[in-house]
Amino acid sequence: MSLLRRLQQGEGNEPSPAPAEGAENGGHTPSLQARRIAPPTTTPQQDTYQDLKTRVQNKLLAGMEPSMDVTKTSDVRRTIQELFEEILSEENIVLSRPERARLFEQIAADILGFGPLQPLLEDDTITEIMVNGAKNLYIERDGKIVRVPITFESNAHVMRIVDRIVAPLGRRVDESSPYVDARLPDGSRVNAVIPPISLVGPVLTIRKFAKNPITVDQLVKLGTSTPEAIQFMKACVEARINIVISGGTGSGKTTLLNILSGFIPEDERIITIENAAELQLRQEHVVTLESRPPNIENKGEITIRELVINALRMRPDRIIVGEIRDAAALDMLQAMNTGHDGSMTTAHSNSPRDTIARIETMTLMAGMELPMRAIREQIASAIDLVIHQTRMRDGTRKIVNMTEVTGMEGEVITMTDVFVFEQTGYENNRVVGRLRPTGLRPKFMDKIEASGIHLPATIFGVGDRRRY
């Protein structure tokens, strides 16, 4: 067992129980004291990994210039490296090269990065990080959640990292406001919940964004969609069809919204509205708006609804709302119905039909006391297509429905599936199936063709049959 691991476990000077390790020293691994060149300056009880790390880190912070510009990461890191080597030399601590490198990286991560989270954030295979108090960390990889052997020193250590995340954004988290939404510099979404709301200590959930956003080809390769469905969605975006992307938490709604947004022509003015800016649009003419929570005096709040209303005065060609979850649904419908065709948004729901029902409910939250029929007519007129995604039980994300909102019959909004995912089996812990066309052409095909886009009838699984 390595010295650093023994120090992490707080073993001090006790001999290792494994005879295979440190055999050259009589069957036990030498302690930190035994490996020092000069007599130790601390007691055996203090010679734990945490004591060593804290002592070195405190000396580092004391030796750094207060005026140092921490934004110049490479310069600061070089200074930390020099001070680190000096401190180890002064304290007469001898560590092996791997142990020395590991200790330095952990200290540098605490000073410059996000502490124990830093290696997880740098791992591109991890899609989500979940901190349940100081000692319980989980990650999501390939759609599966697993625990990792990484811990924080204490709940106070977690709080320092949380403050480091939210402070640059002008946000706060304390007992009076014990939860917050934020984002990392790379766009990853962060949610933090602290006591007294959380009973397990500070809880941190980080939805990582890939450094290289998922492409259309990757979407097909991963089995989320098919080339035919992609071609259809691309035509819908270019023809300014109003789209709602629905699904559960972690089903890939924002990822799909990013991809569909990439189909918007370069010559259009796009305004995005989000709680925490996540969308990564590649177009040049993009205006990004972000909501703002109230300050410590409970003033200054800017809601999604207010931003949607304001966006209408900004001469948008397209309005993209990261997610509608409240009365902003009414203003989004108004935007779609007042000449801003091609707008897109996401919503949490269990199915396309539930998506419409949720939008009805959120519209009622606006408090306008509108009759239900008027609300449903607005929805039927505004929304053309609902794309529903699901995270399957094997962890994969798949589009399971592409449903057209066709209109109203009496008091009911009518909907027709254009593509449906058909599961044919479950083999080797993987869902087997394919997104297939239903054989019906959507009514808005006339609008697509009027835009100069002609899709082959085979995309819909038929010859030249049409549905009018």
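Attention here is on the structure that accompanies the text. Owing to the predicted nature of the structure, the values given are computational and were not obtained by experimental measurement.

Considerations on the sheet that holds strand E3 (residues 144-148)
Right, on to step 1. The strand order across the open sheet built from 6 strands is E3-E2-E1-E6-E5-E4, with neighbouring strands paired in antiparallel fashion. Both outer strands of the open sheet, E3 and strand E4 (179-183), are each paired with one neighbouring strand and no more. Each strand axis lies, on average, 20° off the axis of its neighbour in the sheet, ignoring direction.
Right, on to step 2. Two strands pair when backbone bridges link them, and strand E1 (residues 126-132) and strand E2 (residues 137-141) are joined in this way by 5 bridges, in the antiparallel orientation. Bridge pairing links Glu 128 to Glu 140 in E2.

Remarks on the pattern of salt bridges
Right, on to step 1. One pass over the structure, following the stated rule, counts 20 salt bridges.
Right, on to step 2. In this structure, Lys 447 engages Asp 341 in a salt bridge whose closest nitrogen and oxygen atoms are separated by 3.6 Å. Here Asp 341 lies in the loop between helix H11 (328-336) and strand E11 (344-348) and Lys 447 lies in helix H14 (residues 445-450), a separation of 106 residues in the sequence.
Right, on to step 3. The partly exposed category is assigned to Asp 341, whose relative accessible area is 27%.
Right, on to step 4. The structure contains a network of salt bridges with shared partners spanning Glu 140, Arg 391 and Arg 397.

Regarding the pairing of strand E8 (residues 270-274)
Right, on to step 1. With 5 of 5 residues buried, E8 lies mostly within the body of the structure.
Right, on to step 2. Here E8 shows no split at all, with Ile 270, Thr 272 and Glu 274 on one side and Ile 271 and Ile 273 on the other all buried.
Right, on to step 3. For E8 and strand E9 (residues 286-290), the ladder comprises 5 bridges, and the chain directions are parallel. If you follow Thr 272 over to E9, its bridge partner there is Thr 288.

What counts, and at which threshold
- Residues numbered from 1 in each chain as written.
- Predicted model: local features only at pLDDT ≥ 70, side-chain atom pairs only at ≥ 80, totals over all residues.
- Heavy atoms only, no water.
- Pairing = 2+ DSSP bridges.
- Helix = DSSP H or I, 4+ residues; strand = E, 2+ residues; numbered from the N terminus.
- Axes fitted to C-alpha atoms, helices over the stretch in contact; angles between N-to-C directions.
- Salt bridge = Lys/Arg side-chain N within 4 Å of Asp/Glu carboxyl O.
- Buried < 20%, exposed > 50% of the residue type's maximum accessible area, 1.4 Å probe, protein only.

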